[in-house]
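Listed here are the chains, written in short residue letters.
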Amino acid sequence: MADNDQTNRRLAAILAADVVGYSRMMGADEAGTLAALKHYREAVFDPAVAQYKGRVVKLIGDGTLVEFASVVDSVKCALAVQRAAKTMAEPNGKGIVLRIGINLGDVIIDGDDIYGDGVNVAARLESLAEPGGLCVSAIVHESLGNRIDVAFQDGGEVAVKNIRHPIRIWKWHPESEPVIAKSAAVETAQPLPDKPSIAVLAFTNMSGDPEQEYFSDGISEDIITDLSKVSELDVIARNSTFTYKGKPVNVKQVGRELGVRYVLEGSVRKVGNRVRVTGQLIDATTGAHIWADRFDRDLTDIFAVQDELTQEIISALKISLSEREKALIVSGGTKSVEAHDLFLRGRELIMGNRNQEIFVQSTTCFERAIELDPTYAAPYAGLGMAFMLDYQNHWSDTPEKSLDKAERFVRESIARDDKDPFAHYVAALISMWQKNHNRWTEEADKALSLNPNYAQALTARGTVPLYSGEPVKAIPYFEQAIRLDPAQSQHRHFLGTAYFIAGKYETAAAVFKERIAMTPTTDFTRAFLASTLGHLGQVDEARTIWNELMAINPRYSYADHIGRQPFRDPAVAERFTEGLRKAGLAE
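Residues numbered from 1 in each chain as written. Predicted model: local features only at pLDDT ≥ 70, side-chain atom pairs only at ≥ 80, totals over all residues. Heavy atoms only, no water.

Participant: How should I be thinking about the overall build of the protein in this particular structure?
Facilitator: Of regular secondary structure, the protein possesses 24 helices and 14 strands. Taken over C-alpha atoms, the radius of gyration comes to 26 Å for the protein, in line with the 25 Å a tight globule of 587 residues would show. Here the C-alpha coordinates of the protein stretch approximately 80 × 60 × 40 Å along the principal axes. Here the protein, with 587 residues, has 56% of them falling under the buried criterion. For the protein, the proportion of contacts with a sequence separation of at least 24, taken over those separated by at least 6, is 65%. Put simply, the protein shows about 25300 Å² of open surface, and 49% of that area lies on carbon and sulfur atoms. Treating the 66 positive side-chain charges of the protein as one cloud and the 80 negative ones as another, the clouds have centres 2 Å apart. (Helix = DSSP H or I, 4+ residues; strand = E, 2+ residues; numbered from the N terminus. Rg over C-alpha atoms; globule rule 2.2 N^0.38 Å. Buried < 20%, exposed > 50% of the residue type's maximum accessible area, 1.4 Å probe, protein only. Contact = heavy atoms within 4.5 Å. Areas by Shrake-Rupley, 256 points an atom, 1.4 Å probe, with all protein chains shown as cover. Lys, Arg positive; Asp, Glu negative; His and termini not counted. Charge placed at Lys NZ, Arg CZ, Asp CG, Glu CD.)

Participant: Help me understand the packing of helix α15 (residues 421-433) against helix α17 (residues 455-467) in this model?
Facilitator: Two packed helices can be described by the angle between their axes and the distance between those axes. Across the interface, α15 lies against α17 with an axial gap of 10 Å and an inter-helix angle of 25°. In this view, α15 runs roughly parallel relative to α17, as classed from their interaxial angle. Here α15 and α17 pass one another in a crossing that is left-handed. In this structure, α15 contributes Y425, L429 and M432 to the contact, and α17 contributes Q456, A457, A460, T463 and Y467. (Axes fitted to C-alpha atoms, helices over the stretch in contact; angles between N-to-C directions. Parallel < 35°, antiparallel > 145°, perpendicular 65-115°, else oblique. Left-handed = near helix turned anticlockwise from the far one by under 90°.)

Participant: Just to check I follow, could you spell out the layout of surface pockets for this structure?
Facilitator: In this approach the atoms are scanned with a rolling probe the size of a water molecule, which exposes any empty space left behind. Put simply, the second largest pocket is a space of about 1300 Å³. Lining the second largest pocket are 37 residues; nearest its centre among them are V121, H165, K513, Q538 and E541. Those elements that place two or more of their residues in the lining of the second largest pocket are β4 (98-110), α4 (117-128), α5 (138-144), β8 (167-172), α20 (505-518) and α22 (539-552). Broken down by class, the residue content of the lining of the second largest pocket amounts to 15 nonpolar, 11 polar and 11 charged. (1 Å grid on protein atoms, 1.4 Å probe; cavity = no way out; pocket = protein on both sides within 12 Å on 5 of 7 lines; lining within 4 Å. Points joined across faces, edges and corners; volume = space filled by probe spheres on them. Nonpolar A, V, L, I, M, F, W, Y, C, P; charged D, E, K, R; others polar.)

Participant: Could you clarify how one ought to interpret the environment of T243 in this entry?
Facilitator: Mapped onto the fold, T243 is located in the loop between α7 (238-241) and α8 (251-258). C-alpha of T243 to C-alpha of A202: the two residues are 41 residues apart in sequence and 8.8 Å apart in space. A polar contact of 2.6 Å, which involves the side chain of T243, links it to the backbone oxygen of S240. (Polar contact = N/O pair within 3.5 Å; in protein donor to acceptor, adjacent residues only side chain to side chain.)

Participant: I'm lost on empty space enclosed by the protein in this one. Help?
Facilitator: Evaluation of the coordinates by the stated rule reveals 1 cavity of 30 Å³ or more. By volume, the largest cavity is sized at about 60 Å³. Looking at the largest cavity, the residues that line it are A17, D18, V19, L37, Y40, R41, F45, D62, T64 and L98. Those elements that place two or more of their residues in the lining of the largest cavity are β1 (9-19) and α2 (30-51). Per element, the largest residue contribution to the lining of the largest cavity is 4 residues, and it comes from α2. Classifying every residue of the lining of the largest cavity gives 6 nonpolar, 1 polar and 3 charged.

Participant: Honestly, helix α14 (residues 402-416) in this entry has me stumped. Any pointers?
Facilitator: Each α-helix winds once per 3.6 residues, and so residues spaced three or four apart point in a common direction. Between its first and last C-alpha atoms α14 spans 21 Å; for 15 residues at 1.5 Å apiece the expected length is 21 Å, and the two agree. For α14, every residue scored as buried is listed here: S402, L403, A406, E407, F409, V410, S413 and I414. Considering only its buried residues, α14 is in contact with α13 (378-393), α15 and α16 (437-450). (Expected span 1.5 Å × (residues − 1).)

Participant: Quick question: what am I supposed to make of the packing of aromatic side chains here?
Facilitator: By convention here, two paired aromatic rings are described through the distance between centres and the angle between planes. What the rule picks out here adds up to 18 aromatic pairs. On the numbers, 5.4 Å between centres and 90° between planes, the contact of F359 with F387 is edge-to-face. Taken as a pair, F359 in helix α12 (residues 356-372) and F387 in helix α13 lie far apart in primary sequence, 28 residues in all. Relative accessible area serves as the criterion here: at 10%, F387 is assigned to the buried category. Ring centres 6.1 Å apart and planes at 65° place the aromatic pair Y391 and W433 in the edge-to-face group. Of the two residues, Y391 is situated in helix α13 and W433 in helix α15; the sequence distance between them amounts to 42 residues. The ring of F215 carries K270 above its face, with NZ or CZ at 4.4 Å from the centroid. The residue whose ring lies beneath R416 is Y380, and the NZ or CZ to ring-centre distance is 4.2 Å. (Phe/Tyr/Trp six-rings, centres within 6.5 Å; stacked < 30°, edge-to-face > 60°. Lys NZ or Arg CZ within 6 Å of the ring centre and 35° of its normal.)

Participant: What should I look at first to understand unusual backbone geometry in this one?
Facilitator: With a phi close to 60°, K318 is a non-glycine residue in the positive phi region. Looking at the element boundaries, K318 is found in the loop between α9 (302-316) and α10 (323-329). The class of K318 is exposed, set by a relative accessible area of 73%. Here K435, not a glycine, exhibits a phi torsion of approximately 60°, which is positive. Its place among the elements puts K435 in the loop between α15 and α16.

Participant: Teacher, can you tell me more about the pairing of strand β12 (residues 262-271) here?
Facilitator: Here is the key point about a regular strand: its side chains alternate between the two faces of the sheet. A large share of β12 lies buried, amounting to 8 of its 10 residues. Direction of pairing for strand β9 (residues 197-200) relative to β12: parallel, over a ladder of 3 bridges. Note that in β12 the partner of I198 across the bridge is Y262. Two elements, strand β10 (residues 204-205) and β12, share 2 bridges in a ladder whose sense is parallel. Bridging from a neighbouring strand, N205 pairs with V268 of β12. Here β12 pairs with strand β13 (residues 274-283) via 10 bridges, running antiparallel. (Pairing = 2+ DSSP bridges.)

Participant: Would you take a moment to explain the side chain of T334 for this structure?
Facilitator: Here T334 is to be found in the loop between α10 and α11 (337-351). At 2.9 Å, the side chain of T334 forms a polar contact with the backbone nitrogen of S336. In this structure the side chain of T334 is engaged in a polar contact, spanning 2.6 Å, whose partner is the side chain of D373. Each residue touching T334, except ones within four places of it in the same chain, is listed here: F303, A339, H340, D373 and Y376.

Participant: Mind showing me how you'd approach the pattern of salt bridges here?
Facilitator: One side chain can pair with another of opposite charge once the charged atoms of both are near each other. What the rule picks out here adds up to 30 salt bridges. Notably, a salt bridge pairs E443 with R439, separated by 3.7 Å at the nearest N-O pair. With E443 and R439 both in helix α16 and 4 residues apart, this pair spans about one turn of that helix. On the accessibility criterion, E443 (13% relative accessible area) is buried. Each of E221, D222, R238 and R347 takes part in one network of salt bridges that share partners. (Salt bridge = Lys/Arg side-chain N within 4 Å of Asp/Glu carboxyl O.)

Participant: Explain the environment of F500 here, please?
Facilitator: Its place among the elements puts F500 in helix α19 (residues 490-501). Judged by relative accessible area, which is 0%, F500 ranks as buried. Apart from the residues within four sequence positions on either side, F500 is in contact with Y505, A508, S531, T532, H535, R575 and F576.

Written as C-alpha cells, this is what we have:
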C-alpha cells in the first residue's frame, strides 16, 4: 500500500486484546463460548472502551484492536477491563480471560482501518502479556508518569517477530494489587487529594440565544476563579471542566476522571435586564446533593450573585476562610455591567482558538470596556495578554512592538488592581519573553499567592527553573498543573522540555507525543520532538515528525523560534539544535 500522503498517518495509542485459550474453548463448547464472549463484550469490554473514548478498529475472531487518542485513557481502559474480569472469574477457571498489549506509535490510516509498526508492536505485546494481565511498551510506561494508580514490573528487553529492534516491556497483573475492584463497573479513578476538591462545570445557557453562551461561560469561570483563591480547596481549571460542556454528564464519572470529591453544576438565564442563576453542589462519590439555590436578580446585581453563590458553596463545604481570602473573593473591578460584559466577550475569544481575526475582535472588546470604565483593571490585563500573544504569533503588522505594548497594559492593570491573579500571570509571561528572570519569578509567585489553584500560573512558575537550567525543580510545578488542568496540553509541552533538558530523552519523547496527540496542529512541540528523536538516533521518525511540522506550518523557522526562548544558558538551547543536526534537520 502506498504511503505518500502525510495526512494518512497519525500518532495513536493502540490496544490489542486476545482471548486466552479460545481455540480450546471453542472445541469444547462452541455455542457456550460464543455466548460467553458476546456477554463479556457487552458487559465489560465495550462499555470500558466507550468510557475511555476508544474506537474499536476491528474484531478478529477472538481478538480486538482498539485505537485511543490518549495513552492514559488506553491504559485506564485496559485496567478497568482486567480488574472487572477478575471479579467475574469462575472458581473452576473457566470464563473469558484476556491478554492485553498497548503501544504508542505512528499508524497508517486506510478508511476505518489502521496499519503500521505501531499496530504490529501492540499485537506482539499482547502475546507477551500474562493471562488476565497487561503488557506495555517502554514509551507507554514513560508516558504514564504518576497518572496511573498501579505499579508495572520491568520485563526487560525482548526480541519479537518482524520487529527490527528489541522492545523494552513493562507488565502488570491484578494479582499484584492489594485491593481488587469489586464490580465490572469499577473504573480506574484519579486519587482524591487530602483536602476538599471541586470541579465547576460550565453553567448551561438557558437564555434561548446561543450568542449569550459567553455570558454563562463567564459566570462559570468567575466562580472557578473565586473558589481557586481558597487555599483549603483543590479546584480544577476551566480548560478541563469545560470539556464536559454540551455532553450528558455523569457526576460520579466526572469526579473519578478529575479526582474531585464535589461537582458544581448550574444554569444561567439572561432575559432583558433580568438574570436567573441556579446552582447545585453534588458529592461525586455518592451522588448526593449537598446544596442548591436559585438567584433571581436585576442584571446590575450579577456581581453580588456571584459573590453570594461562591460564599454559599464555601459554607456548604464547611471551609473557614482567612480574612485575606474573604477580601480576595469579594468581587471588585467595575460597576458597569456593559464593561464587564465586553471583558467576558474578549476573554472568551482570547481563551479559544487564537488567530489574527480573534486577536482583533478580542482587543476591540477590551478597548471598548476601558472606554466605558477607565478604572476597570481586568480589560487592561486582557490587552496585555492579547499583545503578548501577538508578539509570539505575529498577527499584527508590527509584532516586534507588541511586547512593549503588553508591558504597558499589564502595568496599567496592576496599578488599578494589585489583587488580580490574571494580571500578575500575564506580567510573568511578559517578563519571561523579556528574559527578566527576577520579575518573572516575583510575578508568578504573586499570582499563586492570590490563586493557589492557578494551573497556568503554576506552569509559568515552573518555567523559571526550566529556562534557568534546573529542570528537575520545574517538574513538580508542571505535574501539579496537569493535576488541576489535565485537558490543557501546553503543560505537557513544558514537562517534556524539562525531561529533555534533564537528559531523559525517552521520557521527553513520550510526553511530547502525548502533547501532539492532544493538540495535533502544534508545530513547536513537533520541533522539540524531532530534536529528541535525533538524540535517540531515531532519524527516520524524526524526519517524519519534521515533515508533519512543515505541512502544518510551511513558514516555520526553528532558528527564529528557539532564538526567542528565554534560556539563561545558550548551551541549553544549543542542545535542541544539536538534536536536529543529528537527524539532518538543522537549519
